[in-house]
Amino acid sequence: MNVLHFVSAFFSDGAHWHGYDGIPARMAEHLRYCVIALGLAAAVALPAGLLTGHYGRGGNTVALIATAGRALPSFGLLVLMFIVFGFGLLPVMVPLVVLAVPPILVTTYEAVRSVDPSPVDAARGMGMGEFRVLFRVELPVALPLILSGLRSAAIQIVSTATIAAYVSLGGLGRYIIDGLYQRDYEKVVGGATLVAVLALATLAVFWATARIAVSPGVRRSG
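Here the structure is a predicted model, which is why all the values come from computation and not from measurement.

**Thoughts on the overall build of the chain**
Then comes step 1: Looking only at helices and strands, the chain has 10 helices and zero strands in total.
Then comes step 2: Taken from the N to the C terminus, the helices and strands of the chain come in the order α-α-α-α-α-α-α-α-α-α.
Then comes step 3: Burial analysis of the chain (222 residues in total) assigns 43% to the buried set.
Then comes step 4: Counting contacts in the chain only where the partners sit at least 6 residues apart, residues at least 24 apart contribute 76% of the total.
Then comes step 5: Entry remark: accessible area of the chain is about 11600 Å², with carbon and sulfur atoms responsible for 67%.
Then comes step 6: In the chain, 15 positive and 11 negative side-chain charges are present, and the distance between their average locations comes to 7 Å.

Now the structure itself:
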């Protein structure tokens, strides 16, 4: 039996579309974990990246945080958080946020630092304060690269949020973990396929967001 047969059998089974273990319910759980984790990571990394990039200070700290965040194994951190905090959403959120902060932080920092200094100096010469310079001049130009960092973090979260199933939570990882335990390979392949589809949908959402949020002039110059 090949992979395509497993995929077809999984999605054609009506039992997989209803109830607490149905695809809509598991997809909603997975999306909830991803949105919360991305929101928390962005709340930490975006302000830090914008400010360090604007003032040109803290580059070494940003690099250190990025290196440390990428070096930490998500599953190992999940197990440690589970031992410390027990069951719940917190043990899952910690490794997901730690995974997502580095790409957002580094990309935001580099995006602001790469802005042409000429309009920035001109804005300061016109009497703009530092925050107005950051949000009126630097941020619009840096936005495409910032969105790419958010997109990268979102894809990593979507792929890694399957670990929630290891601590008895839901999401699409439930199909993979339960399928492996039950030797139900239709369920394993179906769960992996759903994660891949959600990752592609995430790419599409960020592409559409960039088309709407980034000014045409910035897109053309990029």
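**Side note on helix H5 (residues 90-113)**
Then comes step 1: Between the first and last C-alpha of H5 there are 34 Å, a value that for 24 residues agrees with the 34 Å anticipated at 1.5 Å per step.
Then comes step 2: Where H5 bends most, at Val101, the angle is about 25°, and the proline Pro102 comes one to four residues later.
Then comes step 3: Judged by how many residues are buried, H5 sits mostly within the fold: 18 of 24 residues are covered.

**Quick look at the pattern of salt bridges**
Pairing between side chains of opposite charge can happen when their charged atoms approach one another.
Then comes step 1: Under the counting rule described, the total for this entry stands at four salt bridges.
Then comes step 2: Asp121 is paired through a salt bridge with Arg124; the nearest N and O atoms lie 3.9 Å apart. Remark: Arg124 and Asp121 occur in helix H6 (residues 117-125); sequence separation between them is three residues, near one turn of the helix.
Then comes step 3: Between Asp178 and Arg174 there is a salt bridge whose closest N-O contact spans 3.0 Å. Taken together, the positions of Asp178 and Arg174, both in helix H8 (residues 173-182) and four residues apart, correspond to about one turn of that helix.
Then comes step 4: The partly exposed category is assigned to Asp178, whose relative accessible area is 21%.
Then comes step 5: Bridged by salt links that share partners, the residues Asp21, Arg26 and Glu29 form one connected network.

**A closer look at the packing of aromatic side chains**
Describing an aromatic ring pair means giving the distance of the ring centres and the angle of the ring planes.
Then comes step 1: The tally for this structure, following the rule as stated, stands at five aromatic pairs.
Then comes step 2: When the ring of Phe10 is compared with that of Tyr175, the centres are 5.3 Å apart and the planes differ by 80°; the resulting orientation is edge-to-face. Taken together, the residues span a long stretch of sequence, with Phe10 in helix H1 (residues 3-12) and Tyr175 in helix H8 at a distance of 165 residues.
Then comes step 3: Here Phe10 falls in the buried class, since its relative accessible area comes to 0%.
Then comes step 4: With a centroid separation of 5.0 Å and an interplanar angle of 80°, the aromatic rings of Phe82 and Phe87 are classed as edge-to-face.
Then comes step 5: Its relative accessible area of 28% is what places Phe82 among the partly exposed residues.
Then comes step 6: In this structure an aromatic cluster arises from ring pairing among Phe10, Phe11, Trp17 and Tyr175.

**Quick notes on the environment of Gly88**
Then comes step 1: The residue Gly88 is located in the loop between helix H4 (74-85) and H5 in this model.
Then comes step 2: Judged by its relative accessible area of 22%, Gly88 falls in the partly exposed class.
Then comes step 3: Linking Gly88 and Arg26, residues 62 residues apart in sequence, is a C-alpha distance of 17 Å.

**Digging into the side chain of Thr162**
Then comes step 1: Positionally, Thr162 belongs in the loop between helix H7 (130-160) and H8.
Then comes step 2: Here Thr162 falls in the buried class, since its relative accessible area comes to 16%.
Then comes step 3: Setting aside chain neighbours within four positions, we find Thr162 in contact with His30, Gly173, Ile176 and Val195.

**Let's talk about unusual backbone geometry**
Then comes step 1: Backbone geometry at Ser168 places phi at a positive 70°, although glycine is not the residue there.
Then comes step 2: Along the chain, Ser168 falls in the loop between H7 and H8.
Then comes step 3: Judged by relative accessible area, Ser168 falls into the exposed class, the value being 52%.
Then comes step 4: Phi is positive for Arg183, which is not a glycine, with a value near 60°.

The rules behind the values
Residues numbered from 1 in each chain as written. Predicted model: local features only at pLDDT ≥ 70, side-chain atom pairs only at ≥ 80, totals over all residues. Heavy atoms only, no water. Helix = DSSP H or I, 4+ residues; strand = E, 2+ residues; numbered from the N terminus. Buried < 20%, exposed > 50% of the residue type's maximum accessible area, 1.4 Å probe, protein only. Contact = heavy atoms within 4.5 Å. Areas by Shrake-Rupley, 256 points an atom, 1.4 Å probe, with all protein chains shown as cover. Lys, Arg positive; Asp, Glu negative; His and termini not counted. Charge placed at Lys NZ, Arg CZ, Asp CG, Glu CD. Expected span 1.5 Å × (residues − 1). Bend = angle between axes of the 7 residues up to and from the residue. Salt bridge = Lys/Arg side-chain N within 4 Å of Asp/Glu carboxyl O. Phe/Tyr/Trp six-rings, centres within 6.5 Å; stacked < 30°, edge-to-face > 60°.

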